[in-house]
Structures are given as C-alpha cells and as structure tokens.
Amino acid sequence: MTDAQETAADTSLRTTGGAPPDDVAPAPIPLLEPREGIPPVVATDDALAEVVAAFAAGTGPVAVDAERASGYRYGQRAYLVQLRREGAGSALIDPVGCPDLSSLGEALTGTEWILHAATQDLPCLRDIGMVPTSLFDTELAGRLAGFPRVGLGAIVENLLGYALEKGHSAVDWSTRPLPDPWLRYAALDVELLVDLRDALEAELERQGKLEWALEEFDAIASAPPAPPRKDPWRRTSGMHKVRRRRQIAVVRELWTARDQVAQRRDISPGKVLGDAAIIEAALAMPVNAHALTALPGFGHRMGRRQLEQWQAAVDRARALPESELPQPGQQPAGPPPPRAWADKDPAAAARLSAARAAVSALAEQLHMPQENLITPDTVRRVCWEPPRELTPQAVETALAGYGARRWQIEQVGPLLLRALATEA
C-alpha cells in the first residue's frame, strides 16, 4: 500500500480521527478493555451446553481464536478456544476439560467464522470437532488490502484505533489454572474481530478486491487437512551439513527416538534434544556414551540413562546394512532450485526471470505481497514445464492445475503467457 493509500485508509477507517497538527502531541491510543469483563473458563459439559445454546441463538458472524502451547508441548493441540458473537458475548473454552467441541461446531454450521491467520488455527480446531463452512481471515484480508503490518495488534490499531495488550502470545497455554492476565489477553483477541472484519471488508470493497478475498477464504475453508509430511526428520535444522548416508541414518534414528520420547512425555521435541545436538552426533559418530558426552548438547546435565538411549540410536544407525541407509538429499517433486536453471535449462531460466519481473511489477501496482498474488512455486512450475501450446486457455489450465484461484489466473495469466514466450 502506498503512503497516500495508507493515509486515506487511516483517515476513513480509524476511530481516532485524522493526524493532529505538528505542534500538538498525538493523543495516546486507548488500550482495549473487555466489554463484559473476563468470561469464566468453560471446562464442564454442562457449562459447554450453555455456551452452545447461547452461540446458536446469537446473530451475525462469530469471532474464533485458539491458543496452543507451541514450544512447550508435543503437537499443536488447542489449550484454549475463544469465541465472540453478537447476542452471545464472549466465551473461553478449555479443550482439556471439554475435548469434544463438535456440538459447538455443529451449532455454528452456516455461520461465517472470523479468524486471524486462519490456517494456523484450523488444524487444532478441526481436531476438537470445529470446522467452519465459511470464514473471513482478517490477516489475509489485510495482506490483500496492502497493509504493511498485518499482525492482529498492528491492524487493530491501524483500522480501529485501539491498542491490544501484548506479552502473552508465546506463553505455555497448557498451564492450569490459566492466570487472569492471560485470560484477559485471550478474551481481547476476539473482542474486536467482528469490527475488524467489517472495516477490512469496506477497504477491500473500496479497492475492488473483495471478490478476490472471498475466493481466497472459500479456498481455505474447503481445503482438506494437510497430509503427513514424508520423512519429517529431513527437516532437522542443519541437515545440509550432513552428507554421508550413515551419518544421515544417525539423524533419522536420533530424530525418531527423540520424537517418541517427546510424544510419551507430551513435551516439545526441542526441549528433549536440540536439533543442533542431533547434527553434532551425526557428524561425530561417537563410539560410546562417554564420547557422546563430549559433544555440544550432551553435557554433564544429561543423565546416564538419557545418554545411553541416544547412543543406542547412534549404534542402530552404525549397524544398518548399506542397503537400508537413507539416500542423501532426496530432491522434492517439482523443478530444481532456480539457481541451477541457467545451467540445466537456459530457456527456462529466461522464462522465470521474465515471469518474476512481471509478477513483481503487478504486485506492486496492486499493493499486495507477490506470494498472495500468485505463489512462487506455481510460477516456477509453469516456467519449468510450460504448456505445449502457448495459448491463454493452456496457461489458465496449467495455473488452475496448481491450485491458482480464478482471480489470480485472470490477473497473472496474461503476464505469464508473455513471459513463457521469452527466449534465452
């Protein structure tokens, strides 16, 4: 978004009014307060039934948020769910006490859900029985509208003129009981989501982008759950340092052992054993637990039993026959890294350069991030293997096959058609 557009958006949408004269200090931004105080935490079936009835009887869209214990607990389960709806007020639900919220999800069928960064919360909500049929993502709406900062606090301040409390986003939400300041923070996360949605809808409508946003929201709501990652151990930080197959096997065995311990203890894998320690052990290939102790990450604070279990993982990798060792650097499906294109296929490199320049220029013109206009992966794939016939219909079909939405195809299709005709 340009400075002029941002100024116009602030003037038309902020509740705090225009900028003060130069000689007048700007008024402090008011801190948002819960309208009805902090609601009690719902942790019993009877209390949940009351919430379900209240939200079923409410009107308009429902604001939804979830808090996880990332970095503290194993997995990405929800440890608190926050909701707000006109006529029902706000609710805080404890998924530990109420692990099945399918009755609430069913009561909200057909209701638009408002979430901020929906793709982060939808997996953990799905796990407890809450799946929206339609949604409005305020973070994605902010990106499409061209706001440079789309965190919830920043965009609420920009559009609604309120400051949100900070400081509790990364706490351990599995803590019980949850402290009142954390609950206050959680309740405020949904306090203004409906107002924010309306302000963003108006701004998208003003820019002629509302239909684009609605297509994006429909795609998110209808997307199936992501499949499990293949060989997730290959994503160990520092993996690029490990080249030999037997060393790669050590990474795999240590990662698997760590994951089993973390799952059993319900603790973040990184708190069990750091990625850096796994890489150090793979590179050093220690012959016994004493040698393992000398490596970073396996210091004197680690008990003998822990050291022995990690050494056992190293020993399992040592004992594998050559035929069972993992292959190094398995290339993911799709085109090679762009840095290799000039050598492998100069014509494809020329197409990609032209396509990137065209997409970048259009994204700047439309005041949105390039990755929201069209994903870089889609551009790479189309440039690496273009359609046999370079016609508008063929390019549109190719883009649709990679998941591009109709509005994206309309905007980017003609640009890519010209870029694909570029010669090396």
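What you see is a predicted model, and the numbers here were worked out from it, not measured in a lab. Counting from 1, residues in each chain are numbered in the order their sequence is written. It should be noted that, the model being predicted, local features are given only for residues of pLDDT at least 70 and side-chain atom pairs only at 80 or more, the latter also being counted only at that level, while totals for whole chains, interfaces and linings use all residues. The side-chain values count all of the structure's non-hydrogen atoms but skip hydrogen atoms and water molecules.

Novice: Give me the overall build of the chain: which residues, what numbers.
Specialist: The helix and strand tally for the chain stands at 20 helices and six strands. Overall size of the chain, expressed as C-alpha extent along the three principal axes, is 70 × 65 × 50 Å. The contact rule is simple, with two residues in contact once any of their heavy atoms fall within 4.5 Å. A separation threshold of at least 6 residues defines the contact pool for the chain, and within that pool the share at least 24 residues apart is 68%. Residue burial considers only the protein chains on display, and all accessible areas are found by Shrake-Rupley using a 1.4 Å probe. Per element, the accessible surface of the chain, about 21,500 Å² overall, is 51% carbon and sulfur. The numbering of helices and of strands both runs from the N terminus, where a helix is a DSSP run of H or I of at least 4 residues and a strand a run of E of at least 2.

Novice: Could you give me a rundown of the UniProt feature "domain: HRDC" (unreviewed entry) in the chain, with the residues and numbers involved?
Specialist: Look at the UniProt record and you will see "domain: HRDC" (unreviewed entry) annotated at residues 244-324. Between the C-alpha atoms that bound residues 244-324 there is a distance of 13 Å. The span itself is 69% helix and 0% strand. UniProt positions are given in the numbering used here, feature names are shortened, and annotations may be inferred rather than shown by experiment.

Novice: How would you explain the packing of helix H10 (residues 245-265) against helix H12 (residues 275-284) if you had to name every residue and give the values?
Specialist: Axis definition: a line fitted to C-alpha atoms, limited for helices to the stretch in contact. Angles are taken between N-to-C directions and run from 0 to 180 degrees. One way to put it is that H10 packs onto H12 with a least axis distance of 8 Å and a crossing angle of 145°. Of the two possible hands of crossing, H10 and H12 adopt the one that is right-handed. Here Gln 247, Val 250, Val 251, Leu 254, Trp 255 and Arg 258 of H10 lie close against H12, whose contacting residues are Asp 275, Ile 278, Ile 279, Ala 281, Ala 282 and Leu 283. Gly is placed with the polar residues, together with every amino acid not listed as nonpolar (Ala, Val, Leu, Ile, Met, Phe, Trp, Tyr, Cys and Pro) or charged (Asp, Glu, Lys and Arg). Here the residues of the contact of H10 with H12 are counted per class, giving nine nonpolar, one polar and two charged. It is the rotation of the near helix from the far one that decides the hand of a crossing: anticlockwise by less than a right angle makes it left-handed, clockwise makes it right-handed.

Novice: Requested: an account of the pattern of salt bridges, with residues and values cited.
Specialist: Any Lys or Arg side-chain nitrogen found within 4 Å of a carboxyl oxygen on Asp or Glu counts as a salt bridge. Considering all chains together, one arrives at 23 salt bridges under this definition. Here Glu 36 and Arg 84 are joined by a salt bridge, their closest N and O atoms 2.9 Å apart. Residue Glu 36 is found in the loop between helix H1 (3-13) and strand E1 (41-42), and its partner Arg 84 is found in strand E3 (residues 78-86); the two are separated by 48 residues along the sequence. Working definition: with a 1.4 Å probe on protein chains only, accessible area under 20% of the residue-type maximum means buried, over 50% means exposed, and in between means partly exposed. Glu 36 sits in the exposed class, given a relative accessible area of 51%. A salt bridge links Asp 94 to Arg 176; the shortest N-O distance between them is 2.7 Å. Here Asp 94 is found in the loop between strand E4 (89-93) and helix H3 (102-107), whereas its partner Arg 176 is found in the loop between helix H6 (152-160) and helix H7 (180-191), with 82 residues between them in sequence. In this structure Asp 94 comes out as buried when scored by relative accessible area, which is 8%.

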